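Coordinate analysis (summary)
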Amino acid sequence: MDRYAKWKQRELLLILFYAVAFYAYALRISLRLSHDHYLKLRGLAPGWLIPSRRNDVSDAQWRNFRGNLPILSFVFAVFTVIANGSRSLFKLKAKGMAILWLSLSLVYLAYLHGACVIYILSIATANFLLVKVFARKKLFPFMLWAFNLFFLLCNRIYEGYSFSIFGRQFEFLDSFRGTFRWHICFNFVVLRMISFGYDYHWGQLDSHFDQEKHVTRCSLCKLGKTCYVVRQEKGVASDSSCSFTLYLCYLVYAPLYLAGPIISFNAFASQLDVPQNTHSVKDVARYGLRWLFSFLLMELMTQFFYYNAFVISGLWRELSPVEIFIVGYGVLNFMWLKFLLLWRYFRFWSLVNGIETVENMPNCINNCYSLETFWKTWHASFNRWLIRYMYIPLGGSRRKFLNVWVVFTFVAVWHDLEWKLLSWAWLTCLFFMPEMLLKSASNAIKVQSAFGEFLLRELKALSGAVTITCLMMANLAGYVIGPSGLSLFVSSFLSKEGLPVLGGVFFSFYVGTKLMFHIKDLRSGVHSPSFETPCVSTEMKKLLLSLTLFGLTLLILPVNGIMEFDEMEWFTSFNGTKVFKTESDVYSEAKFPMVGLTLIQSAAAKGAVCLDGSLPGYHLHRGFGSGAKNWLVQLEGGGWCDTIRNCVYRKTSRRGSSKYMEKNMPFTGILSDKAAENPDFYNWNRVKVRYCDGGSFSGDSENKAAKLQFRGKRIWLAAMEDLMAKGMRQAKQALLSGCSAGGLAAILRCDDFGDMFSPSTRVKCLSDAGFFLDAIDVSGGRSLRRLYAGVVKLQNLETKLSKDCLNRLNPTSCFFPQNLINQIKTPLFILNAAYDSWQIQESLAPKSADPSGSWHDCRLDYTKCNATQIQFLQGFRTRMVNLIKGFAKPSKNGVFLNSCFAHCQTERHDTWYSQNSPAVNKKGIAVAVGDWYFERGGAKLIDCAYPCDKTCHNLVFRG
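My aim in this report is to walk through the structure given alongside it, one point at a time. As the structure is a computational prediction, the values presented were derived from the model and not from experiment. (Residues numbered from 1 in each chain as written. Predicted model: local features only at pLDDT ≥ 70, side-chain atom pairs only at ≥ 80, totals over all residues. Heavy atoms only, no water.)

Ranked by size, the top nonpolar core spans 156 residues in total, and within it Trp101, Tyr108, Tyr257, Trp385 and Phe410 carry the most contacts. A per-element tally of this core places helix 15 (residues 321–352) first, with 18 residues. The next biggest cluster of nonpolar side chains, apart from the first, holds 82 residues, and it includes Leu615, Leu748, Phe816 and Val881. (Core = buried A, V, L, I, M, F, W, Y, C linked by side-chain atoms within 4.5 Å. Buried < 20%, exposed > 50% of the residue type's maximum accessible area, 1.4 Å probe, protein only. Helix = DSSP H or I, 4+ residues; strand = E, 2+ residues; numbered from the N terminus.)

Below is the structure:
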């Protein structure tokens, strides 16, 4: 064995040399990618640590936590002073502390969830009664699980329930739903309710916990301290100790409410009575200081490496195989550090208040080469909860192969009702099967020689590399690039350029697995290299080895699905195609003001309601300075519904009901309040009218049988009357704009808008991506005409459209802008992409017109179009140019027609006004619109045909 031990010393030195070279190369590539592409990346904001560099805040969860960190810290500091001061002053025990923390936590919940606290307390009360009444029954575990799973599913299906379902007299409460969706946080409450139920149930039975035996094996208990296991297993869940107040306090305990870590009821209740003594004040202070250093590390990382922004922006598709590997790998390490910071932050405040929880992130993400090991060290508190309350009651290791499927399926459902999560769960189970079999086989092998140990170690390393590679593929498909992106990902690695990279990646996984073996040996002292020196402490060794592992596992960050990995925001078109969000984009949320939703209270009396009968609304950001008497009104877009079925579905979303609308919306692009990003309209009164009628603000009818209200025209009038009363009547200048379906509405309502003002007011209209053509699709049919015909008939638009047009054409034709724009009296600006991405997908090459799927790749990604398909799209552009030429002749009108594959270009900062905004004849969109509105110069810009324009921000879609 001495000879083998020496070889392992040399092997470790070789591995460390490889790791240093690997990371030097990865960091160099990462810095170059961030430097070369930062202008095209979304989600970057000005940095504070290094002001000259931008900061990657594209991850919505991290951005929100980071932005609210000061107020969260202030609130928890106040709560801590009150709680610890009261405990010390009044000698409070469990009962008194439960009342105190329940009071503080309810204040916290009232801010987060508003009136929805009623739902939380109601369901919690029902669960408490169920436990108290049925805990001694044989079928109690089944009843407990059935009750909690029922509400877990219903909360998600009904999106937290509208108060209006209990009667119109309660509908006003929907305006007070707080700042955070309660049913998302309630997932953690469900875990706590189940924990309380089981702990109380087991408290009625004889305990099988041998504390004396445990003390002999527990290093903490030997020191006279009380470890977490003793607190959990000793049991306090009896009738005398389980009061309703203590139970509620456990469910909503403020420091752990939002994200955990998860703690059992027994452990919580025992520490509420006697605070934890495992960690001294010095230990807790050191823990907080380490968190601060980790936070600074995150800030440095996100200011130098824009990994997550590459994923959010979709630019990974443009990279080489080795660059894709490095970016994906960096994203996973970013996510690991993000969750470490989130969980340790809340655990710190819990420790300060005397409640110890399990450390969620005890290991570096890269120090793990098996799924089972990862599960024990990633969100460890959830893992312990699953083992205690699910895995063991189901039979534990005796039914391991079956229990794994049940546990992972629950984990997927617990997160959300999505097929991709179930797919992730079942793929993970498939990977678990061979791992468990191989582990059993390897444990049965008795090594008799050094060569035998060497051979077994090599086989385990290869097995670990295979496991990591398989999990990398599954999780990239499920959480990063999607199933459709997986084919591109795989093809890039199977190409001539990609095969060497694939080999290098697999070798890196193999080397990394070997390094994990050495870490394990160093910790256990088995055949470890003897290069110990007084100046290298154990902690320093761990830090060094963790750092050298920074590049190893593309696998596992989303393996447990604790938070949805793909934080990318989307909007979905009718056929379910997903595209990078063009409204309220993540860059804007990081920099621009969040503007609150105003519901139009007078609308109900006028019958001006959304599809479901709820009140319509708008977001208003007041102007200032020279723009205080100027108004910009933007009509929101979002497609149409052309059948009863589609409209019934739509009314359960923000496109058909104000109940589901965001309470706050970032104002970006043309709505920005910064002169450097919106030079002509930044200080105007800026309004975004929400779209919830499904007919471009034009309908006025209803379908009583389906309980659908088609009142778009009334919503338009109610919103305008409300804004007129708020000062728009005295406007000196006014501009009506809109995007997509809102762009069509801006055309339909343009003259109505102009007629509202006095002749002295400068009034104009802007249609962005609203010039929808009555085009022939790839099958020779007219898909968009069929859709519009459904909208016109369903919403009874036959008599609501332009009379001039109706005298010449049928109602469906009069819903197409090409038949309206030449009759509009008010000055109008048409902004459109000549290869409008939405029209390509829904009008030219929808799935219904392409049953063979020959257009599938082209409709999602313009770079995959063949020559014949490009020729077809050129014909579409030619028709658009010809239709707009006559409109462009009058001096009052303006045109900006760029040859891009895009949709909605006024709402995004990067396309509206930035250093690299799309341009025609070197004039950007914002400049062209401003020149036209203020009559500073010509604004009739029509681009040359694709692919001449190099300034485009083209969209690539995900299927």
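A word on the pairing of strand 14 (residues 828–833). Each regular strand shows side chains that alternate between the opposite faces of the sheet. Among the six residues that make up strand 14, six are buried, leaving the element largely enclosed by the rest of the structure. Side chains Leu828, Ile830 and Asn832 project from strand 14 onto one buried face, and the interleaved Phe829, Leu831 and Ala833 project onto a second face that is buried too. Looking at chain direction, strand 13 (residues 762–768) and strand 14 are connected through four bridges and run parallel. Bridged to Asp768 within strand 14 is Leu831. Judged from the five bridges that link them, strand 14 and strand 15 (residues 894–898) form a sheet pairing that is parallel. By the bridge assignment for strand 15, Ile830 is matched with Val895. (Pairing = 2+ DSSP bridges.)

Across the junction of Gly260 and Pro261, the peptide omega takes the value 5°, indicating a cis bond. Mapped onto the secondary structure, Pro261 falls in the loop between helix 11 (254–257) and helix 12 (265–273). With omega at 15°, the peptide bond leading from Tyr946 into Pro947 counts as cis. Along the chain, the position of Pro947 falls in the loop between strand 18 (940–942) and strand 19 (957–958). Notably, Asn796 is not glycine yet its phi reads approximately 55°, a positive angle. On the secondary structure map, Asn796 appears in the loop between helix 29 (783–794) and helix 30 (803–806).

A few words on the environment of Tyr391. With respect to the secondary-structure elements, Tyr391 resides in helix 17 (residues 380–391). It is 7.0 Å that separates the C-alpha atoms of Tyr391 and Val407, two residues lying 16 residues apart in sequence. Each residue touching Tyr391, except ones within four places of it in the same chain, is listed here: Leu386, Gly396, Ser397, Lys400, Asn403 and Val407. There is a polar contact of 3.5 Å between the side chain of Tyr391 and the backbone nitrogen of Ser397. (Contact = heavy atoms within 4.5 Å. Polar contact = N/O pair within 3.5 Å; in protein donor to acceptor, adjacent residues only side chain to side chain.)

Compared with the 16 Å implied by 1.5 Å per residue over twelve residues, the 17 Å span of helix 29 between its first and last C-alpha is a close match. Downstream of helix 29 by a residue or two, Asn796 has a phi angle that is positive, lying close to 55°. (Expected span 1.5 Å × (residues − 1).)

Here we come to the state of the cysteines. What the rule picks out here adds up to eight disulfides. There is a disulfide in this structure between Cys900 and Cys952, and the S-S distance comes to 2.0 Å. Handedness of the Cys900-Cys952 disulfide follows from its S-S torsion of about -80°: it is left-handed. Note that Cys900 is positioned in the loop between strand 15 and helix 34 (909–912) and Cys952 in the loop between strand 18 and strand 19, a separation of 52 residues in sequence. A single burial state applies to Cys900 and to Cys952, both of which are buried. (Disulfide = S-S within 2.5 Å.)

Each strand in a sheet pairs with another by means of backbone hydrogen bonds, the pair being arranged parallel or else antiparallel. Overall, mixed pairing links the ten strands, which are arranged 8-5-6-9-7-12-13-14-15-18 in an open sheet. A single partner strand is all that each edge strand has here, and the edge strands are strand 8 (664–666) and strand 18. Averaged over all pairs of adjacent strands, the angle between strand axes in this sheet comes to 20°, irrespective of strand direction. Here strand 15 runs beside strand 18; their pairing, made up of three bridges, is parallel. (Axes fitted to C-alpha atoms, helices over the stretch in contact; angles between N-to-C directions.)

Turning next to the packing of helix 2 (residues 60–90) against helix 15. One way to put it is that helix 2 packs onto helix 15 with a least axis distance of 10 Å and a crossing angle of 10°. Between helix 2 and helix 15, the angle falls in the class roughly parallel. For the pair formed by helix 2 and helix 15, the contact residues are Gln61, Trp62, Phe65, Leu69, Leu72, Ser73, Phe76, Ala77, Thr80 and Asn84 on the first element and Phe334, Lys338, Phe339, Leu341, Leu342, Tyr345, Phe346, Trp349 and Val352 on the second. Of the residues assigned to the contact of helix 2 with helix 15, the class counts are 14 nonpolar, four polar and one charged. (Parallel < 35°, antiparallel > 145°, perpendicular 65-115°, else oblique. Nonpolar A, V, L, I, M, F, W, Y, C, P; charged D, E, K, R; others polar.)

Moving on to the packing of aromatic side chains. This model, assessed by the stated rule, comprises 80 aromatic pairs. Between the aromatic rings of Tyr250 and Phe265, the centroid separation amounts to 5.3 Å while the plane-to-plane angle is 80°, which identifies the pairing as edge-to-face. You can see Tyr250 sitting in helix 10 (residues 244–252) and its partner Phe265 sitting in helix 12, a full 15 residues away along the chain. Each member of the pair Tyr250 and Phe265 is classed as buried. Taking 4.8 Å as the distance between ring centres and 35° as the angle between the ring planes, the aromatic pair formed by Phe382 and Trp414 counts as tilted. Note that Phe382 is positioned in helix 17 and Trp414 in helix 18 (residues 400–415), a separation of 32 residues in sequence. Here Phe382 falls in the buried class, since its relative accessible area comes to 0%. For the cation-ring pair, Lys764 lies above Trp932, with the distance from its terminal atom to the ring centre recorded as 4.9 Å. (Phe/Tyr/Trp six-rings, centres within 6.5 Å; stacked < 30°, edge-to-face > 60°. Lys NZ or Arg CZ within 6 Å of the ring centre and 35° of its normal.)

Together, Phe451, Leu455, Leu459, Leu462, Val466 and Phe506 make up an exposed nonpolar region whose accessible area comes to about 550 Å². When residues in the nonpolar patch are grouped by element, the largest group, five residues, is from helix 20 (residues 450–480). When you line up the elements, Val466 lands in helix 20. (Patch = residues over 30% accessible without salt bridge, like charges linked within 9 Å, V, L, I, M, F, W, Y side chains within 5 Å. Areas by Shrake-Rupley, 256 points an atom, 1.4 Å probe, with all protein chains shown as cover. Salt bridge = Lys/Arg side-chain N within 4 Å of Asp/Glu carboxyl O.)

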